[in-house]
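One letter stands for each residue in the lines below.
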Amino acid sequence: MEELARESISLIARSASHNEPPRLGSFGAVFILLKSSLGAGLLNFPWAFQKAGGVTTAISVELVSLVFLISGLVILGYASSVSRQTTYQDVVREVCGRAVGQLCEVCFCFNVFMICVAFLVVVQDQLEKLCVSVYETVTGSMEEEMPHHWYTDQRFALFIICLVIILPLSVSKEIGIQKYTSVLGTLAATYLCVAVIVKYYLMDDHAAVITPEHSQGVSSWASMFSVVPTICFGFQCHEACIAIYSSMENQKISHWVLISVISMFFCLLIYTLTGVYGFMTFGRDVASDILMSYPGNDVTMIISRLLFGVSIITLYPIILLLGRTVILNLILRIQRHHRGIVTHSFENRCRVLLTIVWIGVTLLVAMFVPDMAEVISVIGGICAFFIFIFPGLCLVFTMQTESVSPKLKLMLTVWGVITIVVGTFIFGQSTTIAIMELFHKF
């Protein structure tokens, strides 16, 4: 998601200028895909391993999902080479038609909106632990003795951060801070992975209960599929991959396959190690945000909280810009159609109002969401469109126009249909579970 933001902002700034020759090498492409994938989704993986019913089941689902993840990247690269477009939405619109392109824009806006909500939920969780840590350090008292006032509530602290830091960073037309913070998410994810592993081996005893709650029957299957939204959210780099592919010097599909496999393998390694050791450390008691399972006075994890907090606070305005740009362009098109002209003052007013509304609504949702798991279930369902459904549609539509052998066309069309069906199932299953769990908790 970081690189999606960076590439999208660059494309917005260039205003679709394609004069610059592609110059991205293989190592750079792998690194950028890694940066796109690694981030806040890592926090949820140990909980997903617990929910899936243990290490073996979770890794099996990961490996099966990896086939579709890599397939989606390859299909999107191929569709980009056929359509000669450099952004996800443009490729879908060019290959699948205007109606599917508009659906893609709607899904894109909702996706970045929910990602902003997830970011604020993560920041709120870390603020809670950091407040406890400061209280214990200053007073020497235990967490249970901490007084609860409105001004010590993490939701009030989150409101202040949104008002004082995030809003001023987000309201400008262009976001320059992304030049300096683009690697923070990757650094935070890598640090957390190493810290979780080290913490596991430094434990005096390993008494956590790691046996699955449901070993057979319908409940075990439901638990197994519950890990899929977390995988989709964690490995989400498909929106950025077209911009990355278009920037590469070597745009052969065989080379792009290799880049996709290598980057997804390293992502799998980091996510799996964090999931396995986080789950083995806390077992069934692991929180949906792994950092919430560690005590507030743990210095190693305080550093991790600060890294994730700073990364998310600086990344939020960039993600907001992506969603705001789509909505603002729609408003300006409507205004231009009715009035024939769009003034700078009207554009500025719309931009400021959209920014305030976006931050206000995401803040309200984040404050009243029970925990991160529900948010990720919704995001995982929406991610299914970008990882499964839209790539599958691109493959099916491309096979109708490209000159390939009948046998290959049939095979690829069938694979495209399978991908669409799997994506539709994941979207329905993830969204339904998220809604049911929200109703159950409220």
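Within any chain, residue numbers begin from 1 and follow the written order of that chain's sequence. In view of the model being predicted, local features appear only for residues whose pLDDT reaches at least 70, and side-chain atom pairs are presented and counted only at 80 or more, with totals across whole chains, interfaces and linings using the full set of residues. The side-chain figures draw on all heavy atoms in the structure; neither hydrogens nor water molecules are used.

Visitor: Just to check I follow, could you spell out the overall build of the protein for this structure?
Guide: Assigned secondary structure in the protein consists of 17 helices and zero strands. About 20000 Å² of surface is accessible on the protein, with carbon and sulfur atoms providing 67% of the total. Helix and strand assignments follow DSSP, with helices taken as H or I runs no shorter than four residues and strands as E runs no shorter than two, numbered in order from the N terminus. Reported accessibility uses the Shrake-Rupley method at a 1.4 Å probe radius. Residues are deemed covered only where the shown protein chains occlude them.

Visitor: Whenever I open this one, the packing of helix α6 (residues 98-139) against helix α16 (residues 372-399) confuses me. Can you help?
Guide: Each pair of packed helices gets described by two things: the angle between the helix axes and the distance between those axes. Running from N to C, α6 and α16 point in directions that differ by 155 degrees, and their axes come no closer than 9 Å. Regarding the angle of α6 to α16, the classification is roughly antiparallel. Handedness of the crossing formed by α6 with α16: left-handed. Here the contact of α6 with α16 is built from residues that sort into 22 nonpolar, one polar and no charged. In this analysis an axis means a line fitted to C-alpha atoms, helices contributing only their contacting stretch, and an angle means the value between N-to-C directions, from 0 to 180 degrees. Roughly parallel covers angles under 35 degrees, roughly antiparallel covers those over 145, roughly perpendicular covers 65 to 115, and oblique covers all other angles. Crossing chirality is assigned from the near helix's rotation relative to the far helix, an anticlockwise turn below a right angle marking it left-handed and a clockwise turn marking it right-handed. For this scheme, ten residues count as nonpolar: Ala, Val, Leu, Ile, Met, Phe, Trp, Tyr, Cys and Pro. Four count as charged, namely Asp, Glu, Lys and Arg, and the remainder, Gly too, count as polar.

Visitor: Can you help me understand a nonpolar patch on the surface in this one?
Guide: Patch definition: residues with relative accessible area over 30% and no salt bridge; like charges joined within 9 Å; nonpolar side chains (Val, Leu, Ile, Met, Phe, Trp, Tyr) joined within 5 Å. For this document, the term salt bridge refers to a Lys or Arg side-chain nitrogen within 4 Å of an Asp or Glu carboxyl oxygen. Taken together, the side chains of Trp150, Phe156, Phe159, Ile160, Leu163, Val164 and Ile165 define a hydrophobic patch exposed on the protein surface, amounting to about 650 Å² of accessible area. Tracing the backbone shows Ile165 in helix α7 (residues 154-170).

Visitor: Any chance you could explain the confidence of the model for the protein here in plain terms?
Guide: When pLDDT is low, close inspection of the predicted coordinates is not appropriate. By definition, pLDDT measures how confident the predictor is in each residue, and it falls between 0 and 100. Averaged over every residue, the pLDDT of the protein is 81; residues scoring 70 or more account for 86%. The element-level mean pLDDT for the protein is lowest in helix α1 (residues 2-14), coming to 46, with helix α13 (residues 253-282) highest at 91. By the convention used here, residues are in contact when the closest approach between their heavy atoms is within 4.5 Å. Throughout residues 6-18 the model reports pLDDT below 50, and contacts reaching past four residues in sequence, or to other chains, amount to 16 contacts.

Visitor: Honestly, unusual backbone geometry in this entry has me stumped. Any pointers?
Guide: The phi torsion of most residues other than glycine is negative, and most of the peptide bonds are trans. Even without being glycine, Arg84 reaches a positive phi, approximately 60 degrees. Of note, Arg84 is situated in the loop between α4 (55-83) and α5 (88-96).

Visitor: Can you walk me through the environment of Gly323 in this structure?
Guide: Position of Gly323 among the secondary structure elements: in helix α14 (residues 299-339). Taking the C-alpha atoms as reference points, Gly323 and Cys116, 207 residues apart in sequence, are found 10.0 Å from one another. Leave out the neighbours within four places in its chain, and Gly323 touches Cys109, Val112 and Trp358.

Visitor: Any chance you could explain the pattern of salt bridges here in plain terms?
Guide: Two side chains that carry opposite charge are able to pair once their charged atoms sit near each other. All chains considered together, the criterion is met by three salt bridges. For Arg93, the salt bridge identified is with Asp90, shortest N-O distance 2.9 Å. Here the residue Arg93 and the residue Asp90 both occupy positions in helix α5, the gap between them amounting to three residues, near one helical turn. One salt bridge in this structure joins Asp298 and Lys199, with 2.8 Å as the shortest N-O distance. In this pair, Asp298 sits in the loop between α13 and α14 while Lys199 sits in helix α9 (residues 184-202), placing the two residues 99 residues apart along the sequence. The class for Asp298 is buried, based on a relative accessible area of 11%. A relative accessible area of 21% means that Lys199 is categorised as partly exposed. Residues joined by salt bridges that share partners form a network here, namely Asp90, Arg93 and Glu105. For each residue, the accessible area found with a 1.4 Å probe, counting protein chains only, is set against the maximum for its type, and the residue is called buried under 20%, exposed over 50%, and partly exposed in between.

Visitor: Could you clarify how one ought to interpret the packing of aromatic side chains in this entry?
Guide: Any two of the Phe, Tyr and Trp rings considered here, Trp counted by its six-membered ring, make a pair once their centres fall within 6.5 Å; the pair's planes then place it as stacked at under 30 degrees, edge-to-face at over 60, or tilted in between. All chains considered together, the criterion is met by 19 aromatic pairs. Ring centres 6.4 Å apart and planes at 45 degrees place the aromatic pair Phe45 and Phe49 in the tilted group. Pair noted here: Phe45 and Phe49 are both in helix α3 (residues 45-52), with a separation of four residues, about one helical turn. Given a relative accessible area of 0%, Phe45 falls into the buried group. Here the aromatic residues Tyr88, Phe108, Phe385, Phe386, Phe390 and Phe427 are joined through ring pairs into a cluster of three or more.

Visitor: What am I meant to see in α16 here?
Guide: Think of an α-helix as 3.6 residues a turn; residues three or four steps apart then line up on the same face. Working rule for helices: expected span equals 1.5 Å times residues minus one. End to end, α16 covers 40 Å across 28 residues, agreeing with the expected 40 Å (1.5 Å per residue, within 8%). Phe385 marks the point of greatest bend in α16, at about 35 degrees. Of all the 28 residues making up α16, 26 are buried; the element is thus mostly covered by neighbouring parts of the structure. The quantity called bend is, for any residue, the angle between two axes fitted respectively to the seven residues ending at it and the seven beginning at it.

Visitor: Can you walk me through helix α15 (residues 344-368) in this structure?
Guide: Compared with an ideal rise of 1.5 Å per residue, which puts 25 residues at 36 Å, α15 spans 37 Å between its outermost C-alpha atoms and is within 8% of the ideal. Of the surrounding secondary structure, the elements contacted by the buried residues of α15 are α6, α7 and α14.

Visitor: What am I meant to see in the packing of helix α2 (residues 26-37) against α13 here?
Guide: It is the contact of α2 with α13, at a shortest axis distance of 9 Å, that shows an interaxial angle of 40 degrees. With respect to α13, the element α2 is oriented oblique. As α2 packs across α13, the resulting crossing turns out to be right-handed. Mapping the contact onto sequence places Ser26, Ala29, Val30, Leu33, Leu34 and Ser37 in α2 and His255, Trp256, Ile259, Ile262, Ser263, Met264, Phe266, Cys267 and Tyr271 in α13. Classifying every residue of the contact of α2 with α13 by side-chain character gives 11 nonpolar, four polar and no charged.

Visitor: Can you walk me through the side chain of Thr413 in this structure?
Guide: With respect to the helices and strands, the residue Thr413 is situated in helix α17 (residues 406-441). Two N or O atoms count as a polar contact when they lie within 3.5 Å, although within protein this holds only if one can serve as hydrogen donor and the other as acceptor, and sequence-adjacent residues are included solely when both atoms are side-chain atoms. From its side chain, Thr413 meets the backbone oxygen of Lys409 in a polar contact 2.7 Å long. Excluding residues that lie within four positions of it along the chain, Thr413 makes contacts with Val396, Met399 and Gln400.

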